[in-house]
Amino acid sequence: MTTTTLPAAEAALLAEGTVIPAHPLALTADRRLDERRQRALTRYYVDAGAGGLAVAVHTTQFAIREPSIGLLRPVLALAAETMDAHVGDRPFLRIAGACGPVEQAVAEAELAADLGYHAVLLSPGGLDRLDEAALIDRAAAVGQVLPVIGFYLQEAVGGRRLSVDFWRRLADLPQVVAIKAAPFDRYRTLDVARGLAASDRGGEVALYTGNDDSILLDLLGGAGGRVVGGLLGQWAVWTAGAVHTWELARRARQGDGAALRLAVERAPQLTDANGAVFDVHNAFHGCIAGVHEVLRGQGLLAGTWCLDPAEDLSPGQAAEIDRVRTAYPWLLDDDFVAEHRDRWLR
C-alpha cells in the first residue's frame, strides 16, 4: 500500500495547528464564475494570516461538480494558481474537497494532485448505503493519491452518525493526516477524540474543529484537549479576526489566564455570530448566502448569488448579520479589508 505524505513544512504546520478557511465561490449576477473576485478572495485569506485553504468544499458549493456547471477544475485551478503566486515561501496547506463514491472521490483526488494540492478533505455525504468498513476502504483508496483529512459531517447537510471504532480505524490508516470534526454535536465530537486516543496513530493525526457553533470551546479543550486548529466555513469571513481568535485560544491553552478569561467570554458571542451567518434559525437555508453577505458588505463580492437560485438569504438574515456586526466589533476585520481590497481585486 502506498503511503502518501505531506511536504515536511506543511506537515509541521498542520500538526501545530492553524486557521483554514473554507473557500467560497464568487459569482456574477448571471451565476457565472467571477474570476477576478475569486482570486481576490484567495489573496484575502492568504494575507489575513490563514495557514491554508480548503477549496471545492461545502462553502464552495458542491454543485460545481455537476456536468452542466463544470466548475470543479476551473475553481481548483484558479485557487491553486493564485496561492502559488501569492503565498510566497511560507508553508501553506492546499486542501481540496472530494466527495461521492470511491471512483468519483479518487478521480477528484487525482485532479487535485495534478493541480498541486497537498491533501483531500474527504466528505462522507450522500453515502448512506455504504457501511463503515466501505467508508474506510474508500478513504484508503483516496489515500493512494493524496493524504486524507477525515470529515465528521453534520446531519443537517448530509452527514450521519459514525462510531468511535470508525474513527479509530480511520486514524489507523497511514494516509490519514487529520480529521475535521464537524457533527455540531458534543457527544459525537468526543467520539472522534476517543477514536483518536484509541488509535495506534492517534498522536500522528491532527484534530481540527469544523463545529462552527462551538469554535472556541473546541479550541480551548472541549474535544478532549486534542483540537489544534479549525477548518471552518465561519472562518471564510472576518478571517483576520479569526486568526486573532485562534492565537487567543492558543495563549489560553498555554496558561495565559487573561487570554483564557477573554476567550471564555467571547465563545458564546462567536456562536451567536455564527448563528446569524449560517442562518441557524432557518435550518441553515442561508448558510452559504450568509457568508456571501458578509463578503459583499466588505466589497469582496458583488452579490450573494449561489449556483442554485433557491439558495439565498432568509428573511431577516441580513438584519441578523448587521446585529452581530454591531454587537461584537472584535470579530471584524473591515479596516484590514478596506486597506488591501483594491490590490486584491486588481
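In what follows, the structure referred to is the one given above.
Throughout, a residue's number is its position along its own chain's written sequence, starting from 1. Selection of residues for local features in this predicted model requires a pLDDT of at least 70, selection of side-chain atom pairs for listing and counting requires 80 or more, and totals for whole chains, interfaces and linings are taken over all residues. Computation of side-chain values: all heavy atoms of the structure, hydrogens and water removed.

**A closer look at the sheet that holds strand S3 (residues 93-98)**
Which entries qualify depends on this criterion: Strand pairing is assigned whenever DSSP detects at least two bridges linking the two strands. Only runs of H or I of at least four residues qualify as helices and only runs of E of at least two qualify as strands under DSSP, and these elements are numbered from the N terminus. Axis definition: a line fit to C-alpha positions, over the contact stretch in the case of helices; interaxial angles, taken between N-to-C directions, run 0 to 180 degrees.
Spatial strand order, S1-S8-S7-S6-S5-S4-S3-S2: 8 strands in an open sheet with parallel pairing. Since the sheet does not close on itself, it has two edges, and those belong to strand S1 (19-21) and strand S2 (52-55), each with one partner. Taking each pair of neighbouring strands and ignoring which way they run, the sheet shows an average axis angle of 25°. Relative to strand S7 (residues 206-209), strand S6 (residues 176-182) runs parallel, the two sharing 4 bridges. Bridge pairing in S7 links Lys180 to Tyr208.

**A word on the pattern of salt bridges**
Keep this limit in mind: Salt bridges are defined by distance alone: a side-chain nitrogen of Lys or Arg within 4 Å of a carboxyl oxygen of Asp or Glu. Any residue under 20% of the maximum accessible area for its type is buried, any over 50% is exposed, and the rest in between are partly exposed; the area is computed with a 1.4 Å probe on protein chains only.
For the structure shown, the criterion picks out 18 salt bridges. With a closest N to O distance of 3.7 Å, Asp34 and Arg37 form a salt bridge. Residue Asp34 is classed as buried on the basis of its relative accessible area of 13%. Owing to a relative accessible area of 14%, Arg37 belongs among the buried residues under this scheme.

**Some remarks on helix H8 (residues 215-222)**
In plain terms, the rule: Relevant arc is that of directions from the helix axis to the C-beta atoms, nothing else. Throughout, a contact is declared for two residues whenever any of their heavy atoms are within 4.5 Å.
Buried residues of H8: Ile215, Leu216, Asp218 and Leu219, and no others. The arc that holds the buried residues of H8, viewed along the axis, is 165°, so those residues lie on one side. Check the buried side of H8 and you find it contacts helix H7 (186-198), S7, strand S8 (227-232), helix H9 (239-253) and helix H10 (257-277). Gly224 lies just past H8 and shows a positive phi near 75°.

**What to know about the pairing of S7**
Put simply, the rule is: By convention a crossover is right-handed if, when the strands point away from the viewer, the path from the first strand over the helix to the second runs clockwise.
Of the two faces of S7, both are covered, the one formed by Ala206 and Tyr208 as well as the one formed by Leu207 and Thr209. You can see the chain leave S6, run along H7 and come back into S7, and the turn it takes is right-handed.

**Here's the deal with the packing of aromatic side chains**
Formally: Aromatic rings from Phe, Tyr and Trp, taking only the six-membered ring of Trp, are treated as a pair when their centres fall within 6.5 Å; an angle between ring planes under 30 degrees marks them as stacked, one over 60 as edge-to-face, and anything in between as tilted.
This model, assessed by the stated rule, comprises 7 aromatic pairs. Measuring from ring centre to ring centre gives 5.0 Å for Tyr44 and Tyr45, while their planes differ by 40°; the resulting arrangement is tilted. Between Phe166 and Trp167, the ring centres sit 4.9 Å apart and the planes meet at 85°, which makes this aromatic pair edge-to-face. The pair Phe166 / Trp167 is uniform in exposure class, with both members buried.

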